[in-house]
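The primary structure of each chain is shown beneath.
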Amino acid sequence: MRRRTLLAGLTGTALLPAAPALAAPAAPAHSRRVLHVRPGDSVQAAVDTVDGPGWTIVVHPGTYRGVVNIPADKEELTLRGASRDPRAAVIVHDNANGTPKPDGSGTYGTAGSATFTSAAPGLTVHDLTLANDWLRADHPDITGTQAVAAYVTGDRSHFENVRLLAHQDTLFADTTALDAFDRQYYRGCYIEGDVDFVFGRARAVFDACRFHTLQRDVTFTPKGMVFAPSTARANPYGFLALRGRITSGAEDAAYKIARPWVPSYETTAWPSLVVRDTWIGPGIDAVAPYTNMRDAYPWQTMRFREHANSGPGAQITVPDNRPQLTAEEAVAHTPRTYLGDWRPYERRP
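All values reported here derive from a predicted model rather than from experimental measurement.

Draft legend 1. Representation of the overall build of the protein chain within the structure. When you go through the protein chain residue by residue, the secondary structure sums to five helices and 25 strands. In summary, the protein chain has a C-alpha radius of gyration of 20 Å against a globular reference of 20 Å for 349 residues, a match within 12%. Along the longest, intermediate and shortest principal axes, the C-alpha atoms of the protein chain span 65 × 45 × 40 Å. If you take every contact in the protein chain between residues at least 6 apart in sequence, the share linking residues at least 24 apart comes to 71%. When the accessible area of the protein chain is evaluated, it comes to approximately 14600 Å², of which 54% is carbon and sulfur surface. Charge separation in the protein chain, taken as the distance between the mean sites of 36 positive and 36 negative side-chain charges, equals 4 Å.

Written out as structure tokens, the structure reads:
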């Protein structure tokens, strides 16, 4: 039960006896826009209470087991931890793609396995941990091992100082529709996993984030990949990772930076990924940092580029295996160009 042990070790104040929940002081109806969730409360119940844009839900230190689903009509919602330490408040559950639904109607599927799901435009999440602690070793009978921590769609989704923990398919950064170019911004986040653990077709910027590859008890390499974008062909921008770090708990060269995901339901996808100004540790295979998901869609034909990276995993030993942006091309790959008139990087949540 490595994931659950990890969560308990990081929640800090969540392990202390919970203080009794106190009722909020009375306030005029028009100003009652803040909801507090304390141990024993339901985060989903707080979400369900929201009846208009601009609400804030404050999650106090504790571990909250269960799924959270924020529908599209909960616009401009803020969900934040009461502490600035994202380890203090943990939202966690343990469904996988192949987990049978209680009603017998089938399995959850990849997106349905998510602990946290949001389709709400203008969502802001900060100072929280979102985790899926389903483990392959505990369920050898299940072959659909994708277990998502967060499935995010909806334009202008902003995550800051958030920890995203799972193994396969940790963060599903997607869009509301095949022809939508929904934007997401992640700053100062920690994202860990093993197989394709940042994936989807969103136009997503990862600013000063840390991506950590886990040790995995398998004999083959690669043990996994950090990114698996599935960007729509019409979308000029996919994933941009800048000013961050890629670290590893596995042996040297055990992981790839990325492989392209061309879904069976969208075979025209043209995955796009730029990793720039990022320190890449020795856990990434510097000689061949990219690989195919399916040979019919070779990574060399995708929009994969790097620029000004450093660290042992960024060494360019075979130039054909590490396509680089020129200085002139790099100008077009910034948060401003990816996010347009939405500028979350200019403010703090």
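Let's pick the thread back up.
Draft legend 2. A look at the pairing of strand 21 (residues 245–248). Both strand 18 (residues 210–213) and strand 21 contribute to a ladder of four bridges, which runs parallel. Counted as the bridge partner of H212 is T247 from strand 21. Inspection of the sheet shows strand 21 paired to strand 24 (residues 279–280) by two bridges, in the parallel sense. Pairing of R245 across the sheet is with W279, part of strand 24.

Draft legend 3. Representation of the pattern of salt bridges in the model. In total, this model carries 18 salt bridges according to the counting rule given. Between R136 and D194 there is a salt bridge, with its nearest N and O atoms 2.8 Å apart. With a gap of 58 residues between them, R136 in the loop between strand 9 (129–132) and strand 10 (150–152) and D194 in the loop between strand 15 (190–193) and strand 16 (198–200) connect regions that are remote in the sequence. Residue D194 is classed as buried on the basis of its relative accessible area of 0%. By sharing partners, the salt bridges in this structure join R65, D94 and D133 into a single network.

Draft legend 4. Here's a closer look at the side chain of T56. In this fold, T56 is placed in strand 2 (residues 56–59). Contacts of T56, omitting those with residues within four sequence positions, involve R33, V34, L35, T78 and R80.

Draft legend 5. Structural view of the sheet that holds strand 17 (residues 203–207). Strand order in this open sheet of 10 strands is 1-2-5-8-11-14-17-20-23-25, and the pairing throughout is parallel. The open sheet is flanked by strand 1 (34–37) and strand 25 (303–307), the only strands paired with a single partner. For this sheet, the mean angle separating the axes of adjacent strands, direction not counted, is 10°. Here strand 23 (residues 272–276) pairs with strand 25 via five bridges, running parallel. Within the sheet, the bridge partner assigned to L273 lies in strand 25 and is F304.

Draft legend 6. View of the nonpolar core. Counting residues in hydrophobic clusters, the biggest one holds 60 residues, and the most contacted among them are F206, F211 and F227. Look past the residues within four positions of F206 in its chain and what remains in contact with it is L171, Y186, I191, V198, F211, F239, L240, A241 and L242. With 12 residues, the next largest nonpolar core counts V205, L240, L325 and Y345 among its residues.

Draft legend 7. Spatial organisation of the side chain of R276. Of note, R276 is situated in strand 23. Polar contacts involving the side chain of R276 include one to the main-chain carbonyl oxygen of A330, which spans 2.8 Å. Setting aside residues no more than four positions away along its own chain, R276 makes contact with L240, A241, L242, R243, H307, N309, A330, H333 and T334.

Draft legend 8. Just the packing of aromatic side chains, in detail. For the structure on display, the rule yields 17 aromatic pairs. Taking the centre distance of 4.8 Å and the plane angle of 15° together, the rings of Y186 and F206 count as stacked. Remark: F206 occurs in strand 17 and Y186 occurs in strand 14 (residues 183–187); sequence separation between them is 20 residues. In this structure, Y186 and F206 share a single accessibility class: buried. Among the aromatic side chains, those forming a connected cluster through ring pairs are F116, F159, Y186, F206, F211, F227 and F239.

Draft legend 9. Up close: the confidence of the model for the protein chain. Averaged over the protein chain, the pLDDT score is 92; the fraction of residues at 70 or greater is 91%. Confidence over residues 1–31 falls short of pLDDT 50; this stretch has 41 contacts with residues more than four positions distant or in other chains.

Draft legend 10. Region of interest: the pairing of strand 9. Every second residue of strand 9 is oriented toward a common face, with T129 and A131 on one face and L130 and N132 on the other, all of them buried. As defined by bridge partners, strand 6 (residues 89–93) adjoins strand 9 across four bridges and the pair is classed as parallel. Looking at strand 9, one finds that I91 is bridged to L130. Here strand 9 runs beside strand 12 (residues 163–165); their pairing, made up of three bridges, is parallel. Looking at strand 12, one finds that T129 is bridged to R163.

Draft legend 11. Geometry of the environment of I142. Mapped onto the secondary structure, I142 falls in the loop between strand 9 and strand 10. Other than its neighbours up to four places away in sequence, I142 contacts G98, T99 and W134.

Draft legend 12. Local environment of the sheet that holds strand 7 (residues 116–118). With parallel pairing, seven strands are arranged side by side in an open sheet as 4-7-10-13-16-19-22. One side of each edge strand has no neighbouring strand; the edge strands of this open sheet are strand 4 (68–70) and strand 22 (255–258). Here the strands of the sheet are splayed against their neighbours by 15° on average, with no regard to which way each runs. When strand 16 meets strand 19 (residues 224–229), the two strands line up parallel, connected through three bridges. Opposite V198, over in strand 19, you have F227 as the bridge partner.

Definitions and cut-offs
- Residues numbered from 1 in each chain as written.
- Predicted model: local features only at pLDDT ≥ 70, side-chain atom pairs only at ≥ 80, totals over all residues.
- Heavy atoms only, no water.
- Helix = DSSP H or I, 4+ residues; strand = E, 2+ residues; numbered from the N terminus.
- Rg over C-alpha atoms; globule rule 2.2 N^0.38 Å.
- Contact = heavy atoms within 4.5 Å.
- Areas by Shrake-Rupley, 256 points an atom, 1.4 Å probe, with all protein chains shown as cover.
- Lys, Arg positive; Asp, Glu negative; His and termini not counted.
- Charge placed at Lys NZ, Arg CZ, Asp CG, Glu CD.
- Pairing = 2+ DSSP bridges.
- Salt bridge = Lys/Arg side-chain N within 4 Å of Asp/Glu carboxyl O.
- Buried < 20%, exposed > 50% of the residue type's maximum accessible area, 1.4 Å probe, protein only.
- Axes fitted to C-alpha atoms, helices over the stretch in contact; angles between N-to-C directions.
- Core = buried A, V, L, I, M, F, W, Y, C linked by side-chain atoms within 4.5 Å.
- Polar contact = N/O pair within 3.5 Å; in protein donor to acceptor, adjacent residues only side chain to side chain.
- Phe/Tyr/Trp six-rings, centres within 6.5 Å; stacked < 30°, edge-to-face > 60°.
- pLDDT = per-residue confidence, 0-100.

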